[in-house]
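# Architecture and fold: a report
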Number of protein chains: 4
Amino acid sequence: MIKVGIVGGTGYTGAELLRLLAGHPAANVVTITSRTQKGVPVAQLYPNLRGIVDLPFTDPDIDKLSECDVVFFATPHGVAQRTVPAILAMGTKVIDLSADFRIRDIALWEKWYGQTHVAPGLVSRAVYGLPEYHRDAICRADLIACPGCYPTSVQLGLLPLLEAGCIDLNDIIANSASGVSGAGRQANVANLLSETSDSFKAYGASGHRHLPEIEQGLAEVAGAPVNLTFVPHLLPINRGIHSTIYADLIDTDVDVQRLFEERYADEPFVDVLPAGSHPETRSVRGSNFCRIAVHRPGNGRKVVVLVVEDNLAKGASGQAIQCMNLMFKLSEMAGLNLPGLVP
Amino acid sequence: MIKVGIVGGTGYTGAELLRLLAGHPAANVVTITSRTQKGVPVAQLYPNLRGIVDLPFTDPDIDKLSECDVVFFATPHGVAQRTVPAILAMGTKVIDLSADFRIRDIALWEKWYGQTHVAPGLVSRAVYGLPEYHRDAICRADLIACPGCYPTSVQLGLLPLLEAGCIDLNDIIANSASGVSGAGRQANVANLLSETSDSFKAYGASGHRHLPEIEQGLAEVAGAPVNLTFVPHLLPINRGIHSTIYADLIDTDVDVQRLFEERYADEPFVDVLPAGSHPETRSVRGSNFCRIAVHRPGNGRKVVVLVVEDNLAKGASGQAIQCMNLMFKLSEMAGLNLPGLVP
Amino acid sequence: MIKVGIVGGTGYTGAELLRLLAGHPAANVVTITSRTQKGVPVAQLYPNLRGIVDLPFTDPDIDKLSECDVVFFATPHGVAQRTVPAILAMGTKVIDLSADFRIRDIALWEKWYGQTHVAPGLVSRAVYGLPEYHRDAICRADLIACPGCYPTSVQLGLLPLLEAGCIDLNDIIANSASGVSGAGRQANVANLLSETSDSFKAYGASGHRHLPEIEQGLAEVAGAPVNLTFVPHLLPINRGIHSTIYADLIDTDVDVQRLFEERYADEPFVDVLPAGSHPETRSVRGSNFCRIAVHRPGNGRKVVVLVVEDNLAKGASGQAIQCMNLMFKLSEMAGLNLPGLVP
Amino acid sequence: MIKVGIVGGTGYTGAELLRLLAGHPAANVVTITSRTQKGVPVAQLYPNLRGIVDLPFTDPDIDKLSECDVVFFATPHGVAQRTVPAILAMGTKVIDLSADFRIRDIALWEKWYGQTHVAPGLVSRAVYGLPEYHRDAICRADLIACPGCYPTSVQLGLLPLLEAGCIDLNDIIANSASGVSGAGRQANVANLLSETSDSFKAYGASGHRHLPEIEQGLAEVAGAPVNLTFVPHLLPINRGIHSTIYADLIDTDVDVQRLFEERYADEPFVDVLPAGSHPETRSVRGSNFCRIAVHRPGNGRKVVVLVVEDNLAKGASGQAIQCMNLMFKLSEMAGLNLPGLVP
């Protein structure tokens, strides 16, 4: 059994790691840390884990973490970079769910995250944990930078088109919407049920942190800069991201349905729906699947890609475990073969 | 007092007409029809109207309707066109909330609505009930074709840009989302709470009935054909439409914020938010206001317009009453000056 | 026009006062205070009030408040009692929405609210603002203690039975459920959408602050102590309280339906539904109505009363305005004759 | 591997059986029937099962069903009784999720379900599938009548008290609330999102089908008739039942917390929370656990029991699988050890 540590386990991605790893056949969480909840049983904070997870939160301790085979960081941005070097130095692998190692351009990272990066040397060592594009590198990595939730959905929705070189890189639009859990488990008036339920709005329309991350990923696939307009929205739901992506075909003879089906034929977690479909976020609720449908309204130049994922699963903790499975030569689906919870 | 009749009062737009007209200082609903609920008090079907509305549903009767000053049709598409000619002939004005008289090209209407139009001669007589563009004609009209819910939001979001001639007409995108009440009060598995709550999806991505209506309206303003990509989505909320509109500026020197503020300065129901804002659908819940914010991500070529309205109010019954106010020389805000219900 | 001041206007009851008073024909809000939001336009915090309310928050100032005819306190418990004496001394009437003057037994208040009462002498001067029982006293009062949201629903549900003396006072159960807005507009993890939506739970099952208030009110009506078991629950909705009340008839010959209908025949805001009905909270969403249905399962000894109200309207700000109307000899329904927002 | 058949697989309990059995280590669904969806892949109706379940719906066929080791009936009331005799005759075990075999008194069943029972002789052969009370009989049974969703929660909440003989049997109240999925996947205006969301109501307050089933179960445990008042309510959530049960202790010295803890100490799916707790329905979302807390307000005579379960899991399909595990001598938790999905 792989010994797993989790740093920063009180948030939703930490709880989701625990939920998913509880059913993992080859991994075992041995330590989970939280400074504020030290000594408190995990199942007291998350009663859904009563009878399933029997660990208390502990203070973060490098020595204890280093006894793990792998440590997940489910911490706010800026935290992992302070501890990861010491853990890597002890030979323990690290999977970071925060944004600390996602962006290669340190200055760009510092601009969007408003802080100085204290471990810039590690950024190039980190592998971006999108198995559908970086699988081989993930298998060999000891430090994974897990993609953000929005970036996962947008990149998976564009990968086949970019690889085929059939869309205009100068004008791509990603109109995305996320459930409120994406904002984390923090006291914040803006995310109260009374502020968000029975309502809908955009946010960050003039600029959002995930934009540079997405553009970096798309440019890498395209081999050229990509100009993306990205507008996130807040859905009155718990979990789920839906991205509606608009691009212009430069080759209108391409069969986009077939392109997507072939590109993802061997991907265990990317499900291309039949032509004419519209994926629902609930179809991946609690599941690591990403579902995609492709449309060409009026059979014209515009291609519309619809992508759904669970922001806490494929958009965070599920994808992190998928990376772990690859790093430890396990079945990629180990512990992750759960259907979405419907209804 | 203006005597009002309502045909087809059992659906949500009928109930919304009743709710709003109950507080109207100069109009009085005297008859409301429903074949299926004949004899049943309105307040039995809609207990929120107990003590407010004291009418029973009756069978539709031309003579009785003709005693009204104005008759609202809140009927399924295809119904109004059968009765409206007789009512108009008796000198009673008509405000139709269905799609029957919205589209000038009869063949186009027949294609999208799947039926033969039985009163094509009336279509050109009908005035499209968008006061922000057709106010003068509405004042003189005896037949109003109320805009669809999505079309209202998209047209209001583009009007200033089109009138200023500052955007590329070849590539406009309207990414819209509506609450479930937009689907009406009909037994339908797809709209059960268990099918729609805690979820989100697109629908009609390859083509939706509102597309030709929107394109017709935009082309009229622009004075040239407009190429629109329109993708509607289903929100797990009761009321509310949010449209996120993307267009390319051909003149990047234009001050879009000022453009919108000036265009709508005298409009009683269109509220342009300060720069940097993001309107929420709940801010117009139950209200006839439409709120708009304009963004230019990275100060580039792309302009992003965010529009919210209540699909049953400004998107249907509220706008219909606004038209009535104009037709009868009342204050345009009469009975409609309600703030959104928050929280 | 009555000049109205509001102290503590940033919370939901303050915003609801503004929403309702905006449509009031005879009252005008002239000042609204908030220390933290001083200088900020109200409509910036509550964009639904844009174009409706044009006031900024100001620092609380006794002189300015004393120029008002009446001041509403929409402040946390313990605040009003510090300022009210000075305002009353200037001849301005006060309507307090907090719990400060609700409980006559000062020691009991101090126990449940965990603080020392600093104006105990005013408690007996305050009139409990439940018009259905204290209308005459309210008309003559200069200090109103508005009932809590749960207490309003439970007392209205039991009033006819207690006055008729037909139920056992030793064993009454009120199983109540409230929307999340009842917890106020405060940063609190427990009330995040991600913590409360798509879920349901009881809270305070072993004791809740509203219990002594309800028992005081019931005992006054009954003329004897009443033993109540009160269990509140948290609903994943914005607004609305539903109380399911269980009592044992000591006289099983009583016609409870008729009892309720007769008791509330002249009450403008209490609506007794036909036998066999089940009121929905949405039927009073945004409305000052309280709807009640009475059942006798199996026609036995047990009477089940179902009561719905909007916790922010009849349960707080609406009832406060109803009291104001009485205190100033206005029509009791002035500004409050709004139907519930459905759907 | 146990060969499983499912009759009537298009509803929510059928889909839940598929979801849970897909992860079962020792059972395999080999046939699933639906007359209306014959030939349609299950995953077309339930896209969350794409890549997980690869079966089409087929016409019900006795021969094929008889090749199964066990057949689940997830059919409307009245259907199973017509087919079950033939299947049992072929030596295949049956687990019926409908009400057909729950009530021993045939006349009582016929009264509440409004039809004639066509297989009354089988009713006494059926074992009531509540493992916490009938485990031994379930192990030996070939026909299981799965308890209703409400009845499961109410019986589990009262079992320890009834067995201990410490409450008054003449006056027990179960105030229950269920998510909308309990109403099934049927076209019905009353269960539209626009009719149920952001709202709450009681229903069946004067009598509900589950009352006789619950009373039968409670009486069997108590060894005497029990007088129950049962009022169900409709929650605007997908899944989840919450029962708030009120009973009067006849022995006030009993330690109810300890009583519950000891009674359920060895039960794999009943989790008694620490004193002072309030279980949330979401803690069992998608899970077979039932969570219970016990309160004694004011330490008095009244005991309040709070019970949560997922109506589709422990309230239907999960419990059915738990019975199957017992009937086939598998680990009782096989395939069911899933935590609730939070958030």
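Residues numbered from 1 in each chain as written. Chains lettered and ligands numbered in written order. Predicted model: local features only at pLDDT ≥ 70, side-chain atom pairs only at ≥ 80, totals over all residues. Heavy atoms only, no water.

Time to look at the overall build of chain A. Along chain A, the regular secondary structure elements total 12 helices and 13 strands. For the C-alpha atoms alone, the extent of chain A along its principal axes is close to 60 × 45 × 40 Å. For chain A, with 343 residues in total, the buried portion stands at 64%. When contacts within chain A are restricted to residue pairs at least 6 apart in sequence, those whose partners lie at least 24 apart make up 71%. (Helix = DSSP H or I, 4+ residues; strand = E, 2+ residues; numbered from the N terminus. Buried < 20%, exposed > 50% of the residue type's maximum accessible area, 1.4 Å probe, protein only. Contact = heavy atoms within 4.5 Å.)

What follows deals with the sheet that holds strand β6 (residues 143-145) of chain A. Residues and elements named next belong to chain A. Reading across the sheet, the 6 strands line up as β2-β1-β3-β4-β6-β5 and stay open at both edges, with parallel pairing between neighbours. The open sheet terminates on both sides in strands that have one partner only, identified here as β2 (27-33) and β5 (127-128). Pairing analysis gives 6 bridges linking strand β1 (residues 2-7) to β2, with the strands arranged parallel. Counted as the bridge partner of G5 is T31 from β2. Lying on the sheet, helix α4 (residues 80-89) is in contact with β3 (70-73), β4 (93-96) and β6; it crosses β3 at an angle near 175 degrees. (Pairing = 2+ DSSP bridges. Axes fitted to C-alpha atoms, helices over the stretch in contact; angles between N-to-C directions.)

Here chain D sits on chain C after a turn of 180 degrees about the axis and a move of 0.0 Å along it, with an RMSD of 0.0 Å. Interpreted geometrically, this transformation is the action of a two-fold axis. Comparing contact sets, 100% of the residues at the interface of chain D also lie at the interface in chain C, consistent with an isologous, same-surface contact. (Least-squares fit on C-alpha atoms with pLDDT ≥ 70 in both.)

Another point: the interface of chain A and chain B. Taken together, the contacts link 43 residues of chain A with 43 residues of chain B. Between chain A and chain B, the buried area comes to about 3500 Å², and carbon and sulfur atoms account for 51% of it. Applying the counting criterion to the chain A and chain B interface returns 6 salt bridges. The partner of A:D171 in a salt bridge is B:K302, with the nearest N and O atoms 2.7 Å apart. On inspection of chain A and its partner chain B, the count reaches 26 residue pairs in polar contact (both at pLDDT 80 or more). Of the residues in the side of chain A that touches chain B, the class split is 17 nonpolar, 15 polar and 11 charged. (Buried area = accessible area lost by both parts, 1.4 Å probe. Salt bridge = Lys/Arg side-chain N within 4 Å of Asp/Glu carboxyl O. Polar contact = N/O pair within 3.5 Å; in protein donor to acceptor, adjacent residues only side chain to side chain. Nonpolar A, V, L, I, M, F, W, Y, C, P; charged D, E, K, R; others polar.)

Attention now moves to the interface of chain D and chain C. Counting residues at the interface gives 43 residues for chain D and 43 residues for chain C. Looking at the side of chain D facing chain C, the largest losses of area belong to D:D198, D:F200 and D:Y246, adding up to 18% of the total buried there. Linking chain D with chain C are 6 salt bridges. For C:D198, the salt bridge is made with D:R285, and the minimal N-O distance between the two is 2.8 Å. Linking chain D with chain C are 27 residue pairs in polar contact (both at pLDDT 80 or more). Within the residue set of the side of chain D that touches chain C, elements represented by two or more residues are β7 (172-178), α9 (193-196), β8 (201-202), β9 (228-234), β10 (241-248) and β13 (302-309) of chain D. Its residues assigned to classes, the side of chain D that touches chain C comprises 17 nonpolar, 15 polar and 11 charged.

In terms of burial, helix α1 (residues 12-21) of chain B is largely enclosed, as 9 of its 10 residues are buried. Among the residues of α1(B), B:Y12, B:G14, B:A15, B:E16, B:L17, B:L18, B:R19, B:L20 and B:L21 are the ones counted as buried. Buried residues belonging to α1(B) abut β1 (2-7), β2 (27-33), α2 (42-45), β3 (70-73) and α12 (313-327) of chain B together with α9 of chain D.

All names here are of chain B. Ranked by size, the top nonpolar core spans 45 residues in total, and within it V4, L21, F72 and M324 carry the most contacts. Among the secondary structure elements, those contributing two or more residues to this core are β1, α1, β2, β3 and α12. Take this core: its biggest share by element is 7 residues, from α12. Contact partners of V4, with chain neighbours within four places excluded, come to L21, A27, N28, V29, V30, T31, C68, V70, F72 and M324. (Core = buried A, V, L, I, M, F, W, Y, C linked by side-chain atoms within 4.5 Å.)

This part covers the relation of the copies chain A and chain B. By a simple turn and slide, chain A fits onto chain B: the slide is 0.0 Å along the axis, the RMSD is 0.0 Å, and the turn is 180 degrees. Residue by residue, 100% of the interface of chain A is reproduced at the interface of chain B, so both copies engage with the same surface.

What follows concerns the pairing of β4(A). Residues and elements named next belong to chain A. Bridge count between β3 and β4: 4 bridges; the pairing is parallel. Paired with F72 across the bridge in β4 is I95. As a crossover connection, the stretch from β3 through α4 into β4 is right-handed. Two elements, β4 and β6, share 3 bridges in a ladder whose sense is parallel. (Right-handed = clockwise from strand over helix to strand, strands pointing away.)

Here we take up the packing of helix α8 (residues 149-164) of chain D against helix α10 (residues 210-222) of chain D. All names here are of chain D. As a packed pair, α8 and α10 sit with axes 10 Å apart at the nearest point and diverge in direction by 25 degrees. If you check the angle between α8 and α10, you find them roughly parallel. In the crossing of α8 with α10, the sense of the turn from one axis to the other is right-handed. Contacts from C149, Y150, P151, V154, Q155, L158, L159, L162 and E163 in α8 reach H210, E213, I214, G217, L218, V221 and A222 in α10. Counted by class, the contact of α8 with α10 contains 11 nonpolar, 3 polar and 2 charged residues. (Parallel < 35°, antiparallel > 145°, perpendicular 65-115°, else oblique. Left-handed = near helix turned anticlockwise from the far one by under 90°.)

The next point concerns the packing of aromatic side chains. This model, assessed by the stated rule, comprises 18 aromatic pairs over all chains. Ring geometry for A:F260 and A:Y264: centres 6.5 Å apart, planes at 55 degrees, overall tilted. When the centroid spacing of 5.6 Å and the interplanar angle of 75 degrees are considered together, the rings of C:F269 and C:F289 count as edge-to-face. Of this pair, C:F269 sits in the loop between α11 (256-263) and β11 (270-272) while C:F289 is found in the loop between β11 and β12 (290-295), placing the two residues 20 residues apart along the sequence. A single burial state applies to C:F269 and to C:F289, both of which are buried. Just above the ring of C:F289 sits the side chain of C:R291; from NZ or CZ to the centre is 5.2 Å. (Phe/Tyr/Trp six-rings, centres within 6.5 Å; stacked < 30°, edge-to-face > 60°. Lys NZ or Arg CZ within 6 Å of the ring centre and 35° of its normal.)

C:P343 follows C:V342 through a cis peptide bond whose omega is -5 degrees. Relative to the assigned elements, C:P343 resides in the segment after α12 (313-327). Positive phi is not limited to glycine here, since B:D198 has a value of about 50 degrees. Here B:D198 shows up in the loop between α9 (193-196) and β8 (201-202). The exposure class assigned to B:D198 is buried, which follows from its relative accessible area of 7%. Notably, D:K329 is not glycine yet its phi reads approximately 55 degrees, a positive angle. Along the chain, D:K329 falls in the segment after α12 (313-327).

Residues and elements named next belong to chain C. Here strand β7 (residues 172-178) lies mainly inside the structure; 7 of its 7 residues are buried. Burial along β7 is two-sided: the residues I172, A174, S176 and S178 and I173, N175 and A177 are all buried. Bridge count for β7 against strand β9 (residues 228-234) is 7 bridges, and the pairing is parallel. Opposite N175, over in β9, you have V231 as the bridge partner. Pairing of β7 with strand β10 (residues 241-248) involves 6 bridges; the strand directions are antiparallel. When the sheet's bridge partners are listed, S178 is paired in β10 with I241.

So, on to the environment of A:G335. Along the polypeptide, A:G335 turns up in the segment after α12 (313-327). Spatially, the C-alpha atoms of A:G335 and A:R82 are 30 Å apart, while their sequence positions differ by 253 residues.

All names here are of chain D. Reading across from one edge, β8-β9-β7-β10-β13-β12-β11 is the order of the 7 strands in this open sheet, with mixed pairing throughout. At either end of the open sheet lies a strand with only one pairing partner, and these are β8 and β11 (270-272). Summarising the sheet, β10 and β13 pair through 8 bridges and their orientation is antiparallel. Across the sheet, residue I241 finds its bridge partner in β13, namely E309. Sitting on the sheet, helix α11 (residues 256-263) touches β11, β12 (290-295) and β13, and the angle it makes with β12 is about 160 degrees.

Residue and element names in this part refer to chain A. One can find A141 in the loop between α7 (131-140) and β6. On a C-alpha basis, the gap between A141 and W109 in space is 22 Å, while along the polypeptide they are 32 residues apart. Ignoring any residue separated from it by four or fewer positions in sequence, one finds A141 in contact with K93, V127 and M327.

Before going further, it helps to spend a moment on empty space enclosed by the protein. The gaps left among the atoms become clear once a water-sized probe is rolled over them. This structure, assessed with the given rule, holds 13 cavities of 30 Å³ or more. Size it by volume and the largest cavity reaches roughly 290 Å³. Forming the boundary of the largest cavity are 21 residues, of which A:P236, B:P236, C:P236, D:S197 and D:P236 lie nearest the centre. (1 Å grid on protein atoms, 1.4 Å probe; cavity = no way out; pocket = protein on both sides within 12 Å on 5 of 7 lines; lining within 4 Å. Points joined across faces, edges and corners; volume = space filled by probe spheres on them.)

Interpretation in functional terms is not warranted from these geometric data alone.
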